[in-house]
Amino acid sequence: MARLRKRRREAILQAIVVVIREDWAEGITPTLFGHEGTLRACLRSGLCLQGLPWPDANRAAVEIVTEALNRTGAKRPAWKEGQPEHTDGGVIRDTRLRCANCERPLPPEHKTYCGKLCYDAMRARQAYHDNTERERMRNRLKLVYNAA
């Protein structure tokens, strides 16, 4: 496996630690794991663009992001703690009463959205948010690549 130079790897690792801590402290992400997938994908694509084969780039990205999370002190919760009923007093809500987009009462035949317009609006908003976050991470990581 092609290895990153130690100094460059450490610079990238430290920059990722800073991004994780800052965004968590500012409330941009609810947990230290909030950018884990985006960071891995951005780092992996950057390494691939620099000539690393995909398997090596993937392995390096996983190792770097995992190490960064360890340095921030992130502790992954147990599976049970991630389930909705863990924070909902043991109650499993299987029926929604209001639209997930506009909060209007749901028609009886609908389960999540009051209609196609609300469904499409929520999907578009989520896609925009995902793309914005991914682009923001790419730009922040580009600064690290150029500095290292």
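See the structure printed just above.
First things first, this report covers the structure right here in the doc. Predicted, not measured: the structure shown is a model, and the values here were computed from it.

Describing the pattern of salt bridges
Consideration 1: As enumerated under the stated definition, the model contains seven salt bridges in all.
Consideration 2: The partner of Asp-23 in a salt bridge is Arg-136, with the nearest N and O atoms 2.8 Å apart. Of this pair, Asp-23 sits in helix α1 (residues 6–25) while Arg-136 sits in helix α5 (residues 116–147), placing them 113 residues apart in sequence.
Consideration 3: Arg-136 gets classed as partly exposed once you look at its relative accessible area, which sits at 30%.
Consideration 4: Note that Glu-67 is salt-bridged to Arg-71, the shortest N-O span being 3.1 Å. Of this pair, Glu-67 and Arg-71 both sit in helix α3 (residues 54–72), four residues apart, which is roughly one turn of the helix.
Consideration 5: Of the residues examined, Glu-67 reaches a relative accessible area of 29% and is grouped as partly exposed.
Consideration 6: Residue classification places Arg-71 among the partly exposed positions, given a relative accessible area of 31%.
Consideration 7: Salt bridges sharing partners connect three or more residues here, namely Glu-10, Glu-67 and Arg-71.

Thresholds applied
Residues numbered from 1 in each chain as written. Predicted model: local features only at pLDDT ≥ 70, side-chain atom pairs only at ≥ 80, totals over all residues. Heavy atoms only, no water. Salt bridge = Lys/Arg side-chain N within 4 Å of Asp/Glu carboxyl O. Helix = DSSP H or I, 4+ residues; strand = E, 2+ residues; numbered from the N terminus. Buried < 20%, exposed > 50% of the residue type's maximum accessible area, 1.4 Å probe, protein only.

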